[in-house]
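Here is how the chains run, residue by residue.
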Amino acid sequence: MAIFLPSAYAQSDKAAITQAYWRTSEQARPVTLSDTEVLKATPDLKRAGEGYRDMCDTSVTPKILLLDVGGILGTVSVVIEEDSFCFGGDGAQYTVLDKGHRVLWHNSAAGIATLESRHASVWDLIFAGPGMKVPIWIWKAAEHRFVLHTVVDTE
């Protein structure tokens with residue numbers, strides 16, 4: 001009979017997630033005219049008159065969160081589109097863009113945080129959502145994007 005125990009690595013990931021400083025739309029600021037290029041680069045977000053519409057064609061007021069991820073990326077822009085009807089339990093769609101407005105990560109989430117761990121000098125990212133499992137995304141410099149590394153059960 002085999003006994004499976006969580007690895008030390010999984011335990012350290014769980015501890016890091018528990019201590020992470022989560023950022024949500026509450027810490028973000030409303031968009032301004034200077035954000036036009038960032039918003040143009042955000043997939044599924046369309047300009048509609050004076051406002052914006054998300055992928056479900058719902059009127060949304062996007063917000064911008066500036067997040068330092070270190071390394072070659074430095075500070076990135078995180079566009080947050082809140083719409084619980086469209087994005088379910090997560091409640092929002094997050095798009096992480098670099099200074100050149102290239103998409104580095106794009107999906108629904110309830111929050112974002114950096115971890116102390118790094119790949120290619122860029123801090124790993126975690127995204128909150130409903131449930132007790134938290135995905136860790138790592139920087140893949142060759143692909144110029146964050147890729148899923150592992151999913152940690154936080155229970």
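Keep in mind that what you see is a predicted model, and the values were worked out from it rather than measured.

Quick word on the overall build of the chain
Stage number 1. Looking only at helices and strands, the chain features three helices and 12 strands.
Stage number 2. Taken against the 2.2 N^0.38 rule, which gives 15 Å for 155 residues, the C-alpha radius of gyration of the chain at 16 Å falls within 12% of a compact globule.
Stage number 3. Here the C-alpha coordinates of the chain stretch approximately 65 × 35 × 25 Å along the principal axes.
Stage number 4. When each of the 155 residues of the chain is scored for burial, the buried share is 39%.

Looking at the nonpolar core
Stage number 1. Membership of the largest hydrophobic core comes to 21 residues, with the highest contact counts inside it found for Ile112 and Phe146.
Stage number 2. If you list the elements that add at least two residues to this core, you get strand S5 (63–68), strand S6 (75–82), strand S7 (92–97), strand S8 (103–109), strand S10 (122–128) and strand S11 (133–140).
Stage number 3. Once residues within four sequence positions are removed from consideration, phenylalanine 146 is found in contact with Leu73, Leu104, Trp105, Val122, Trp123, Leu125, Trp137, Ile138 and Trp139.

Side note on the confidence of the model for the chain
Stage number 1. Across the chain, pLDDT averages 90, with 92% of residues at or above 70.
Stage number 2. Considering each helix and strand of the chain separately, the mean pLDDT is smallest for helix H1 (residues 8–19), with a value of 73, and largest for S6, with 98.
Stage number 3. A low-confidence stretch, residues 1–9 (pLDDT under 50), is modelled with two contacts involving residues beyond four sequence positions or located in other chains.

Concerning unusual backbone geometry
Stage number 1. Phi angles above zero are rare outside glycine, and histidine 101 is one such case at about 65°.
Stage number 2. Residue placement: histidine 101 occurs in the loop between S7 and S8.
Stage number 3. With relative accessibility at 30%, the residue histidine 101 sits in the partly exposed group.
Stage number 4. Phi at alanine 120 takes a positive value of approximately 50°, unusual for a residue other than glycine.
Stage number 5. Tracing the backbone shows alanine 120 in the loop between strand S9 (111–119) and S10.

Section: the pairing of S10
Stage number 1. For S10, the tally of buried residues reaches six of seven residues, placing the bulk of the element in the interior.
Stage number 2. One ladder, built from six bridges, connects S9 with S10; its direction is antiparallel. Bridged to arginine 118 within S10 is tryptophan 123.
Stage number 3. Between S9 and the antiparallel strand that follows it, S10, lie two residues; alanine 120 among them carries a positive phi value of about 50°.

Notes on the sheet that holds S10
Stage number 1. The sheet built from four strands is open, its strands ordered S9-S10-S11-S12 with antiparallel pairing. With one partner strand each, in any of the chains shown, S9 and strand S12 (145–153) form the two edges of the open sheet. When the angles between neighbouring strand axes are averaged without regard to direction, this sheet yields 30°.
Stage number 2. Here eight bridges tie S11 to S12, and the two strands are oriented antiparallel to one another.

Procedures and definitions
Residues numbered from 1 in each chain as written. Predicted model: local features only at pLDDT ≥ 70, side-chain atom pairs only at ≥ 80, totals over all residues. Heavy atoms only, no water. Helix = DSSP H or I, 4+ residues; strand = E, 2+ residues; numbered from the N terminus. Rg over C-alpha atoms; globule rule 2.2 N^0.38 Å. Buried < 20%, exposed > 50% of the residue type's maximum accessible area, 1.4 Å probe, protein only. Core = buried A, V, L, I, M, F, W, Y, C linked by side-chain atoms within 4.5 Å. Contact = heavy atoms within 4.5 Å. pLDDT = per-residue confidence, 0-100. Pairing = 2+ DSSP bridges. Axes fitted to C-alpha atoms, helices over the stretch in contact; angles between N-to-C directions.

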